[in-house]
Amino acid sequence: MPVSLSTTASLYDRVRRVIPPIEWPAFTDDIEAIFALKRKRNAVILAHNYQTPEIFHCVADIVGDSLALARKAMAVDADIIVLAGVHFMAETAKLLNPGKTVLIPDLGAGCSLADSITASDVRLMRQRYPGVPVVTYVNTSAAVKAESDICCTSGNALAVVESLGASRVIMLPDEYLAKNIAAQTKIEIIAWKGHCEVHERFTPADIRELREAHPGVTVLAHPECPPEVVAMADFAGSTAAMSDYVGRHRPARVVLMTECSMSDNVAVKHPDVDFVRPCNLCPHMKRITLANIRTALEENRHIVTIDPDIAERASRAVERMLAI
Ligand code: SF4
């Protein structure tokens, strides 16, 4: 059954602050088709915070950061998960939901961080630093997770590092996240040279210019930003923590030093807050569109599979983190 006109109108009400009326008609056909396909195939759509508003607010059933998505999907009675995000997120969803079919609409939706390291790199680090535990950010492939002792997110990295009872920890692959955690703990952190191509572009000069142009603006930074950017921010935290911060503090004017769509998605929930939007776009996230979500559901593609041995070892590293 198609979505009624009144339903698409009420969907537009959610996003009218961030999608101009002239653009909306281009989305309605795909939105109607996706609603029908979700019902027909008993499917849910998981959308990352960096997805565009017509995906995030209009067709997604579960939204959040990558780990929250995978965890919430565990509680859902669905046969199919469509991951509106990048490939490592689809793998994590599959690790935590092995009995469900996980689809990613575009196999090219990668990640500069995940691509910065391979499983054999992790094995070489272990040889170089024998006995030092390996903490791996969730923004990695399942094969890299499988070589790790435990995973972490940007939200729980400090707690994970401090849970291990070690004086030295290898933290992979984000150099800046590792340095930002090192600044908060006495534990020696051995980092890797991986960077997020979105967050590495923010500079202290950007913050100076933003503060000059918008006096009194509150600056929130993601911990994948360089440490000198994080040091100048009013608050640093994961995408979930930044969103919570805006909800709790209701700053009159705020800037989120992270991917462009995040500001749009948070702005929808807080019409009273003025968002300044410097735009660093993630080209991988933007490969996901309403059109290819629709095709994924119509043609059952692309199915995410993980080698069973890798899946078992990678799940162990994820579950160890979840137990903290
Ligand atoms: S925003 Fe950065 S970490 Fe996230 S998918 Fe894009 S490149 Fe990877």
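First things first, this report covers the structure right here in the doc.

Rules and cut-offs
- Residue numbers here run from 1 along each chain, matching the order of that chain's written sequence.
- Note on the predicted model: pLDDT of at least 70 is required for a residue's local features to be given, and 80 or more for side-chain atom pairs to be given and counted; whole-chain, interface and lining totals, by contrast, use all residues.
- Side-chain metrics in this entry use all non-hydrogen atoms of the structure; hydrogen atoms and water are not considered.
- In these notes, residues near a molecule or strand are those with any non-hydrogen atom within 4 Å of it.
- For this classification, Asp, Glu, Lys and Arg are treated as charged, while Ala, Val, Leu, Ile, Met, Phe, Trp, Tyr, Cys and Pro are nonpolar and the rest, including Gly, are polar.
- Burial classes: relative accessible area under 20% of the type maximum marks a residue as buried, over 50% as exposed, and values in between as partly exposed (1.4 Å probe, protein chains only).
- Each helix is a run of H or I in the DSSP string that is no shorter than four residues. Each strand is a run of E no shorter than two, and both are numbered from the N terminus.
- Should DSSP find at least two bridges between two strands, the strands are regarded as paired.
- By the criterion used throughout, a crossover qualifies as right-handed when its path from the first strand across the helix to the second strand runs clockwise, the strands pointing away from the viewer.
- With axes taken as lines fitted to C-alpha atoms, and helix axes fitted only over the stretch in contact, angles between N-to-C directions fall between 0 and 180 degrees.
- Roughly parallel means an angle under 35 degrees; roughly antiparallel, over 145; roughly perpendicular, 65 to 115; everything else is oblique.
- Two helices that cross are described as forming a left-handed crossing if the nearer one is turned anticlockwise from the farther one by less than a right angle, and a right-handed crossing if clockwise.
- The contact criterion used throughout is that any non-hydrogen atoms of two residues lie within 4.5 Å.
- Note on terminology: disulfide denotes any pair of cysteine sulfur atoms within 2.5 Å.

**Thoughts on the site of the ligand**
Next up, step 1: The immediate surroundings of the ligand are formed by 13 residues, with C111, S112, N139, C196 and C282 found nearest.
Next up, step 2: In terms of residue class, the shell around the ligand is made up of 8 nonpolar, 3 polar and 2 charged.

**Remarks on the pairing of strand 3 (residues 80-84)**
Next up, step 1: Most of strand 3 is tucked away, with 5 of its 5 residues classed as buried.
Next up, step 2: On strand 3, burial covers both faces: I80, V82 and A84 on one face and I81 and L83 on the other are all buried.
Next up, step 3: Sheet topology note: the strand 1 (residues 43-48)/strand 3 ladder contains 5 bridges and is parallel. Along strand 3, the bridge assignment pairs A47 with A84.
Next up, step 4: Judged from the 3 bridges that link them, strand 3 and strand 4 (residues 101-103) form a sheet pairing that is parallel. Bridge pairing in strand 4 links I80 to T101.
Next up, step 5: Once the chain exits strand 3 it traverses helix 5 (residues 87-96) before rejoining the sheet at strand 4, and the crossover so formed is right-handed.

**What to know about the packing of helix 4 (residues 66-74) against helix 5**
Geometrically, a packed helix pair is captured by the angle between its two axes and the distance between the axes.
Next up, step 1: Contact pair helix 4 / helix 5: the axes reach a minimum separation of 9 Å and the direction vectors enclose 30 degrees. Taken together, the axes of helix 4 and helix 5 lie roughly parallel to each other. The way helix 4 lies across helix 5 gives a crossing that is right-handed. Counting all contacts with helix 4, which are made through S66, A70, R71 and M74, the residues of helix 5 involved are F88, M89, T92, A93 and L96.
Next up, step 2: Taken together, the residues of the contact of helix 4 with helix 5 sort by class into 6 nonpolar, 2 polar and 1 charged.

**Some points on the pairing of strand 9 (residues 218-221)**
Next up, step 1: Burial along strand 9 is two-sided: the face carrying T218 and L220 and the face carrying V219 and A221 are both buried.
Next up, step 2: The sheet contact formed by strand 9 and strand 10 (residues 235-236) spans 2 bridges and is parallel. When the sheet's bridge partners are listed, L220 is paired in strand 10 with F235.
Next up, step 3: In the classification by handedness, the crossover that spans strand 9, the intervening helix 11 (residues 227-232) and the parallel strand 10 is right-handed.

**Quick notes on the state of the cysteines**
Next up, step 1: Evaluation of the coordinates by the stated rule reveals 1 disulfide.
Next up, step 2: Bridging C260 to C279, the disulfide has an S-S length of 1.9 Å. Disulfide C260-C279: torsion about the S-S bond near 105 degrees, hence right-handed. Here C260, found in helix 13 (residues 260-269), pairs with C279, found in the loop between strand 12 (274-276) and helix 14 (290-299); they are 19 residues apart in sequence, far enough to count as distant.
Next up, step 3: Residue C260 is classed as buried on the basis of its relative accessible area, which comes to 11%.
Next up, step 4: Owing to a relative accessible area of 52%, C279 belongs among the exposed residues under this scheme.
Next up, step 5: Left unpaired, C58 is separated from the closest cysteine sulfur, that of C260, by 18 Å.
Next up, step 6: Owing to a relative accessible area of 2%, C58 belongs among the buried residues under this scheme.
Next up, step 7: We note that C225 lacks a disulfide partner, and the nearest cysteine sulfur, in C196, lies 8.1 Å from it.
Next up, step 8: Overall, the relative accessible area of 0% leaves C225 in the buried class.

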